[in-house]
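Listed below, chain by chain, are the residues.
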Amino acid sequence: MGNEYLLSFEVIRVRCQILEALMSDASFITDKASLHVCSKTADVIENIAQDALSGSVRIKFLRVSLEAALFLLNKYHDTLARCHLHVPSVEQIQNLIKKLEIENKI
């Protein structure tokens, strides 16, 4: 399995962890905007998986997805800080972005 596929799974994992943490807060999922965030996140995860299954991993799309994850960490910091589940750190996501940049240069 190529490195780009492993990176795809790492991005899926990060996005799933954030989604799960957000959805674990009952107060978060009560408004329409929050449900939209959850829906869009699930859609991104599905698209990454579909790309990997079809053999067409898009490194640029993975990077954009991680940048969106950083945005979610910042925007919903308080909600995520209250969560008892594992939430990836900014540093973990930035390190994954660096891996993507290295993969993109190969």
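As a reminder, the structure under discussion sits directly above these lines.
Conventions adopted
Residues numbered from 1 in each chain as written. Predicted model: local features only at pLDDT ≥ 70, side-chain atom pairs only at ≥ 80, totals over all residues. Heavy atoms only, no water. Salt bridge = Lys/Arg side-chain N within 4 Å of Asp/Glu carboxyl O. Helix = DSSP H or I, 4+ residues; strand = E, 2+ residues; numbered from the N terminus. Buried < 20%, exposed > 50% of the residue type's maximum accessible area, 1.4 Å probe, protein only. Phe/Tyr/Trp six-rings, centres within 6.5 Å; stacked < 30°, edge-to-face > 60°. Lys NZ or Arg CZ within 6 Å of the ring centre and 35° of its normal. Core = buried A, V, L, I, M, F, W, Y, C linked by side-chain atoms within 4.5 Å. Contact = heavy atoms within 4.5 Å. Axes fitted to C-alpha atoms, helices over the stretch in contact; angles between N-to-C directions. Parallel < 35°, antiparallel > 145°, perpendicular 65-115°, else oblique. Left-handed = near helix turned anticlockwise from the far one by under 90°. Nonpolar A, V, L, I, M, F, W, Y, C, P; charged D, E, K, R; others polar. Patch = residues over 30% accessible without salt bridge, like charges linked within 9 Å, V, L, I, M, F, W, Y side chains within 5 Å. Areas by Shrake-Rupley, 256 points an atom, 1.4 Å probe, with all protein chains shown as cover.

K.L.:
What am I meant to see in the pattern of salt bridges here?
P.N.:
If the charged atoms of two oppositely charged side chains come close together, the side chains can form a pair. Going through the model one piece at a time under the given rule, you end up with five salt bridges. A salt bridge links glutamate 101 to arginine 63; its shortest N-O distance comes to 2.3 Å. Placement of the pair is glutamate 101 in helix 5 (residues 90-105) and arginine 63 in helix 3 (residues 59-75), with a sequence separation of 38 residues. Looking at glutamate 101, the relative accessible area reads 34%, which means it is partly exposed.

K.L.:
Help me understand the packing of aromatic side chains in this model?
P.N.:
Each aromatic ring pair is summarised here by two numbers: the centre-to-centre distance and the angle between the ring planes. By the definition in use, this model includes one aromatic pair. Considering the side-chain rings of phenylalanine 28 and tyrosine 76, the 5.0 Å spacing of their centres and the 85° angle between planes classify their relative orientation as edge-to-face. Here the residue phenylalanine 28 occupies a position in the loop between helix 1 (3-23) and helix 2 (32-54), and tyrosine 76 occupies one in the loop between helix 3 and helix 4 (77-81), the gap between them amounting to 48 residues. Between the NZ or CZ atom of arginine 58 and the centre of the ring of phenylalanine 61, over which it lies, the distance is 4.5 Å.

K.L.:
It is not clear to me how the nonpolar core should be interpreted in this structure. Could you clarify?
P.N.:
Where a protein is soluble and globular, its nonpolar side chains tend to be buried together. Formed by 30 residues in total, the largest nonpolar core has its most connected members in Val14, Ile18, Leu22, Leu62, Leu66, Tyr76 and Ile93. Per-element tally for this core: the top contributor is helix 1, with nine residues. Here isoleucine 18 is in contact with Ala69, Leu72, Leu73, Leu80, Pro88 and Ile93, once residues within four sequence places are set aside.

K.L.:
Whenever I open this one, the packing of helix 1 against helix 3 confuses me. Can you help?
P.N.:
Between helix 1 and helix 3, the shortest axis-to-axis distance is 10 Å and the interhelical angle comes to 20°. As summarised for this structure, helix 1 and helix 3 are arranged roughly parallel, according to the angle between their axes. For the crossing formed where helix 1 meets helix 3, the hand is left-handed. Here Glu4, Leu7, Ser8, Val11, Val14, Arg15 and Ile18 of helix 1 lie close against helix 3, whose contacting residues are Ile59, Leu62, Ser65, Leu66, Ala68, Ala69, Leu72 and Leu73. Here the residues of the contact of helix 1 with helix 3 sort into eleven nonpolar, two polar and two charged.

K.L.:
For this particular structure, what's the right way to read a nonpolar patch on the surface?
P.N.:
Taken together, the side chains of Met23, Ile29 and Leu35 present a nonpolar region at the surface, about 250 Å² in accessible area. Summarising the element assignment, isoleucine 29 is placed in the loop between helix 1 and helix 2. In this structure isoleucine 29 comes out as partly exposed when scored by relative accessible area, which is 31%.

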